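# Close look at the chain arrangement
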Amino acid sequence: MTERHFHDEFTLAETAEQLGYEAMKLGLIPSFVVRHFPDSRQFYIPNETESEPLTPEEAYLHLKRLVEPQ
């Protein structure tokens, strides 16, 4: 298991992006989009029925479950 480090919203969003790239590399998701705003980010992880924007926290938890199954 890889230990992830984040200390604030910015580093959490960076960690979620890294997990997204890792999930794509492993073939777990076909793509993902990160919309950057001056004060936040929105993550879109498409699935077959919907693609709602996720907060960095939601994206991190979702991607962590995919990449690091318990």
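For the structure itself, look to the data block above.
Residues numbered from 1 in each chain as written. Predicted model: local features only at pLDDT ≥ 70, side-chain atom pairs only at ≥ 80, totals over all residues. Heavy atoms only, no water.

## Quick word on the nonpolar core
Ranked by size, the top nonpolar core spans 14 residues in total, and within it Ile29, Phe43 and Leu63 carry the most contacts. Contributions of two or more residues to this core are made by helix 1 (9–25) and helix 2 (56–67). Top element by residues in this core is helix 1. It accounts for five residues. For Ile29, the contacting residues outside a window of four places in its chain are Gly20, Ala23, Met24, Ile45, Leu63 and Leu66. (Core = buried A, V, L, I, M, F, W, Y, C linked by side-chain atoms within 4.5 Å. Buried < 20%, exposed > 50% of the residue type's maximum accessible area, 1.4 Å probe, protein only. Helix = DSSP H or I, 4+ residues; strand = E, 2+ residues; numbered from the N terminus. Contact = heavy atoms within 4.5 Å.)

## Digging into the environment of Glu58
With respect to the element layout, Glu58 can be found in helix 2. Counting along the chain gives 16 residues from Glu58 to Gln42, while the straight-line C-alpha distance between them is 9.8 Å.

## Description of the pairing of strand 2 (residues 41–44)
With four bridges connecting them, strand 1 (residues 33–36) and strand 2 associate as antiparallel partners. Across the sheet, His36 pairs through a bridge with Arg41, a residue of strand 2. Once strand 1 ends, the chain turns through four residues before running back antiparallel as strand 2. (Pairing = 2+ DSSP bridges.)

## Points about a negative patch on the surface
Residues Asp8, Glu9, Asp39, Glu57 and Glu58 make up a contiguous surface patch of negative charge. Tracing the backbone shows Glu9 in helix 1. (Patch = residues over 30% accessible without salt bridge, like charges linked within 9 Å, V, L, I, M, F, W, Y side chains within 5 Å. Areas by Shrake-Rupley, 256 points an atom, 1.4 Å probe, with all protein chains shown as cover. Salt bridge = Lys/Arg side-chain N within 4 Å of Asp/Glu carboxyl O. Lys, Arg positive; Asp, Glu negative; His and termini not counted. Charge placed at Lys NZ, Arg CZ, Asp CG, Glu CD.)

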